[in-house]
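In case you want the letters, here they are:
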Amino acid sequence: MVTVPIKTCIRTLATTSRMDKSFAKWYRSLWQPKGNDEPPYDHIVQLGDPVLRVPANAIPEKELQSAEVQYLARHLTKVMRAYRCVGLAAPQLGLSLRAFVMEFKDELRDQYTKADYKLREMEPLPLTILLNPELKVLNYEKVIHTEACESVRGYRADVPRYREILLQGFDATGNRQELRLSGWNARIAQHEMDHLNGIVYTDIMNRKSLTCTCWQAVNAKSGRIQLSFASK
């Protein structure tokens, strides 16, 4: 019996590009180093990668409890925590699959003032894994706050999001789950759902609010700033 690596099995479920393959291969060869790094990556892909711009594929229901999908859930969690972000979708690791993870730890409270924490309606969110999620809006009022994304590293902007939503899907064990979220946690969920639909926050942001997160350091260092795309 031939044993197929888990990463290979996962990739068979995902279509990562609808570009002309010959052109894409030639273009990548201009700058992409030779190697065997294939999705799911240990890094987060950046805007421009075609996988961020196509609707992700649903995971076949019979595969929800498979070892491959379990691996994907663990890997998403691992990379999310390594980058110290609050959510991560499978397309951000190069896999066009409908899966994402979220986690907003209480220890992040120290990064915000008490007033800002209250204004953004923040509250802890335990590790949540969603497979084949569906989102329903419960409150159509939109709230604007600043967002960033690890796939658009180095920038942030003001983004409108619905105040309250309902998530339905499957957890990491393949069991159905339903989650009602409001405030900041609803924002996290909407951001990740957008990734599954080929949408990035720059599509819906207030364009004039787009800001380089390190513009002050750029000036202070006379432009000698290096932006890393690896985990912190």
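Look above for the structure.
To start, this report covers the structure provided alongside it. (Residues numbered from 1 in each chain as written. Predicted model: local features only at pLDDT ≥ 70, side-chain atom pairs only at ≥ 80, totals over all residues. Heavy atoms only, no water.)

1. Topic: the overall build of the protein
Okay, so step 1: Across its full length, the protein holds six helices and six strands.
Okay, so step 2: Ordered by position from the N terminus, the helices and strands of the protein form the series α-α-α-β-β-α-β-β-β-α-β-α.
Okay, so step 3: Relative to its 232 residues, the protein shows a buried fraction of 42%.
Okay, so step 4: Accessible surface, the protein: about 13500 Å² in total, of which carbon and sulfur atoms supply 51%. (Helix = DSSP H or I, 4+ residues; strand = E, 2+ residues; numbered from the N terminus. Buried < 20%, exposed > 50% of the residue type's maximum accessible area, 1.4 Å probe, protein only. Areas by Shrake-Rupley, 256 points an atom, 1.4 Å probe, with all protein chains shown as cover.)

2. Brief notes about helix H5 (residues 183-196)
Okay, so step 1: Given a rise of 1.5 Å per residue, 14 residues ought to cover 20 Å, and the 21 Å separating the end C-alpha atoms of H5 matches this to within 8%.
Okay, so step 2: Of all the 14 residues making up H5, 14 are buried; the element is thus mostly covered by neighbouring parts of the structure.
Okay, so step 3: Directly beyond the C-terminal end of H5, a positive phi value near 75 degrees is found at Gly 198. (Expected span 1.5 Å × (residues − 1).)

3. A short note on unusual backbone geometry
Both trends apply: most residues other than glycine have a negative phi, and most peptide bonds are in trans.
Okay, so step 1: Put simply, Pro 39 and Pro 40 share a cis peptide bond, and its omega is 0 degrees.
Okay, so step 2: For Pro 40, the location among the structural elements is in the loop between helix H2 (21-29) and helix H3 (67-83).
Okay, so step 3: Of note in this structure, Arg 84 is not a glycine but carries a positive phi near 55 degrees.
Okay, so step 4: The phi dihedral of Asn 132 is positive, around 50 degrees, even though this residue is not glycine.
Okay, so step 5: Residue position: Asn 132 is located in strand E3 (residues 125-148).

4. Digging into the pattern of salt bridges
Okay, so step 1: Across all of its chains, the model carries ten salt bridges by this definition.
Okay, so step 2: For Glu 164, the salt bridge identified is with Arg 180, shortest N-O distance 2.6 Å. Highlighted residues: Glu 164 in strand E4 (residues 155-170) and Arg 180 in strand E5 (residues 176-182), separated in sequence by 16 residues.
Okay, so step 3: Three or more residues joined by partner-sharing salt bridges are found here, namely Glu 147, Arg 161, Arg 187 and Asp 194. (Salt bridge = Lys/Arg side-chain N within 4 Å of Asp/Glu carboxyl O.)

5. Thoughts on the nonpolar core
Okay, so step 1: Counting residues in each nonpolar core, the largest one holds 25 residues, and the members touching the most others are Ile 59, Leu 72, Leu 76, Leu 88, Leu 97, Ala 99 and Leu 131.
Okay, so step 2: Those elements giving two or more residues to this core turn out to be H3, strand E2 (99-104) and E3.
Okay, so step 3: In terms of residues, this core owes the most to one element, H3, which gives eight residues.
Okay, so step 4: The residues touching Leu 97, leaving out its near neighbours within four places in the chain, are Ile 10, Leu 13, Ala 14, Ala 56, Asn 57, Ile 59, Leu 72, Ala 90, Pro 91 and Leu 196.
Okay, so step 5: Among the nonpolar cores identified, the runner-up in size contains 18 residues, and Phe 100, Phe 104, Tyr 117 and Met 193 belong to it. (Core = buried A, V, L, I, M, F, W, Y, C linked by side-chain atoms within 4.5 Å. Contact = heavy atoms within 4.5 Å.)

6. As for the pairing of E2
Okay, so step 1: With six of its six residues buried, E2 lies for the most part within the structure.
Okay, so step 2: Of the two faces of E2, the one lined by Ala 99, Val 101 and Glu 103 and the one lined by Phe 100, Met 102 and Phe 104 are each fully buried.
Okay, so step 3: Bridge analysis of strand E1 (residues 87-89) against E2 gives three bridges, and the strand direction is antiparallel. Note on E2: the bridge partner recorded for Gly 87 is Met 102.
Okay, so step 4: Sheet analysis places E2 next to E3, joined by five bridges and oriented antiparallel. For Ala 99, the partnering residue across the bridge sits in E3 and is Leu 131. (Pairing = 2+ DSSP bridges.)

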